[in-house]
Amino acid sequence: MNRRAFLGLAAGAAALAAMEKTMQIIDTHIHLFDPNRPQGVPWPTKDDGILYQPTLPDRYRKVTQGFGISGAIAIECSPWVEDNDWLLETAARDTIIVGVVGNLEPGTADFHTRLDQLSRNPLFRGIRYGNLWGRDLNAQVAKPEFISGLKTLADAGLSLDTANPDPALVGAVVRITDRVPNLRVVIDHLPQLDPPPDPRSLDALRSNLRELGAKPQVYVKISEVLRRVDGRVPTDLGFYRARLDEIWQTFGENRLMFGSDWPNSDRWGTYPEVFRIAHDYVASKGASVEEKFFSKNSIAAYKWRGHGATSSG
């Protein structure tokens, strides 16, 4: 890290110390896994020199020390159904994990039964489905049994996280929210979506995003902001501001949330670098907006209650 970057982080730490005294900070997107389990893990793979190591709440606490993180939402990173239980058990052992987004496939024969079982745990806040594990949200929207599963999810007061957006997924979210209007949907990693070069496709994407921006049940994570360009990863906010401005103008201060994507974010930069970009961008918008971005909007999106809550089901 060069001297300029170090001084920037030091200044950010001072600002964060002040934030910590006045509000909680929720990281809405982290992953937990343990390659040392007897059964191993489906992701990351053994040849991944960056990620293949135990990644548990105690390590997250160490990585985020000094940043005032009050809690985090753990997002599934396994297609194995039994790992919903592992993730919930891991979350139960550390109060820094305030919610869990698990993995189930709407439309499968046992979806309703499994969802009912998992939703009895108040830490369970929804499921993730999108461009992950060979799945295709766009292809599933036309299936009545898939929509039925999403209606059950919505009626249970749980949310749907999407995964790794592209134009087709954004279009699918429009159709889902038309058919299941009481379902809260959380779009992750939107800053990473590269606009299509074709003008007609770009217009369609922007039109769909504007439509989602008008739907109060759709939330967006400012996650995976950093990107590699010509072999390097810029860490100055100016490089990312235009794209963040476009997302902010579309969805507004009541619908955007901070997500680090840790430890996957280690591929692009350190946790301080990831956090500082988001913090510096939002800091200029005022204390009340910061509080929404770092805390209140996550409660609205996930209805998380943290540890000690009792199930209402």
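The structure presented is a predicted model; accordingly, all values stated were derived computationally and were not measured.

**Some points on the packing of helix α8 (residues 199-213) against helix α9 (residues 237-251)**
Packed helices, taken two at a time, are described by their axes: the angle between them and the distance between them. Closest axis-to-axis distance for the α8/α9 pair is 8 Å, and the angle between their directions is 45 degrees. Judged by the inter-axis angle, α8 sits oblique to α9. Of the residues in α9, those in contact with Arg206, Leu209, Arg210, Leu212 and Gly213 of α8 are Glu246, Thr250 and Phe251. Looking at side-chain class alone, the contact of α8 with α9 contains three nonpolar, two polar and three charged residues.

**A closer look at the side chain of Arg37**
Take Arg37: it is sitting in the loop between β1 (25-30) and α2 (57-63). For Arg37, the residues in contact, after removing those within four places along its chain, are Trp80, Asp83 and Trp86.

**Re the pattern of salt bridges**
Under the criterion given, the structure shown has 15 salt bridges. Residue Arg114 pairs with Asp110 through a salt bridge whose shortest N-O separation is 2.6 Å. A salt bridge links Asp194 to Arg243, with the shortest nitrogen-to-oxygen separation between them at 3.8 Å. Taken together, the positions of Asp194 in the loop between β6 (184-187) and α8 and Arg243 in helix α9 put the pair 49 residues apart, joining distant regions of the chain. Each of the salt bridges in this network shares a partner with another, and the network as a whole consists of Asp194, Arg227 and Arg243.

**Thoughts on unusual backbone geometry**
That bond from Trp43 to Pro44 is cis: its omega, 0 degrees, falls within 30 degrees of zero. Among the secondary structure elements, Pro44 is positioned in the loop between β1 and α2. Cis rather than trans, the peptide bond between Trp262 and Pro263 has omega equal to 0 degrees. You can see Pro263 is positioned in the loop between β8 (256-258) and α10 (271-283). Unlike most non-glycine residues, Glu224 shows phi in positive territory, near 50 degrees. Here Glu224 shows up in the loop between β7 (218-222) and α9.

**Some details on the pairing of β6**
Side-chain alternation along β6 places Arg184 and Val186 on one buried face and Val185 and Ile187 on a second face that is also buried. Pairing of strand β5 (residues 159-161) with β6 involves three bridges; the strand directions are parallel. Looking at the pairing, Asp161 lines up with Val186 of β6. After leaving β5, the chain enters helix α7 (residues 167-179) and then returns to the sheet as β6, a path that is right-handed. Taken together, the three bridges between β6 and β7 define a ladder with parallel strand orientation. Looking across to β7, one finds that Val186 is bridged to Tyr219. Assessed by its sense of winding, the connection that carries the chain from β6 through α8 to β7 is right-handed.

About the thresholds
Positions within a chain are numbered from 1, following the residues in the order the chain's sequence is written. Predicted model: local features are reported for residues with pLDDT of at least 70 only, side-chain atom pairs are reported and counted for 80 or more only, and whole-chain, interface and lining totals are derived from all residues. Based on all heavy atoms of the structure, the side-chain values leave hydrogens and waters out of the count. Every angle, taken between N-to-C directions, lies between 0 and 180 degrees, and every axis is a line fitted to C-alpha atoms, over only the stretch in contact when it is a helix. By definition, any uninterrupted DSSP run of H or I lasting at least four residues is a helix, any uninterrupted run of E lasting at least two residues is a strand, and each is numbered from the N terminus. Every angle not falling under 35 degrees, over 145, or within 65 to 115 is termed oblique; those three ranges are roughly parallel, roughly antiparallel and roughly perpendicular. A contact between two residues is defined here by any heavy atoms of the two lying within 4.5 Å. Side-chain classes are defined by residue name, with Ala, Val, Leu, Ile, Met, Phe, Trp, Tyr, Cys and Pro counting as nonpolar, Asp, Glu, Lys and Arg as charged, and the others, Gly among them, as polar. Criterion for a salt bridge: a side-chain nitrogen of Lys or Arg within 4 Å of a carboxyl oxygen of Asp or Glu. Residue exposure (1.4 Å probe, protein chains only): buried if accessible area is under 20% of the type maximum, exposed if over 50%, otherwise partly exposed. The pairing criterion for strands is at least two bridges between them, as found by DSSP. A crossover counts as right-handed when, viewed with the strands pointing away from the observer, the path leading from the first strand over the helix to the second turns clockwise.

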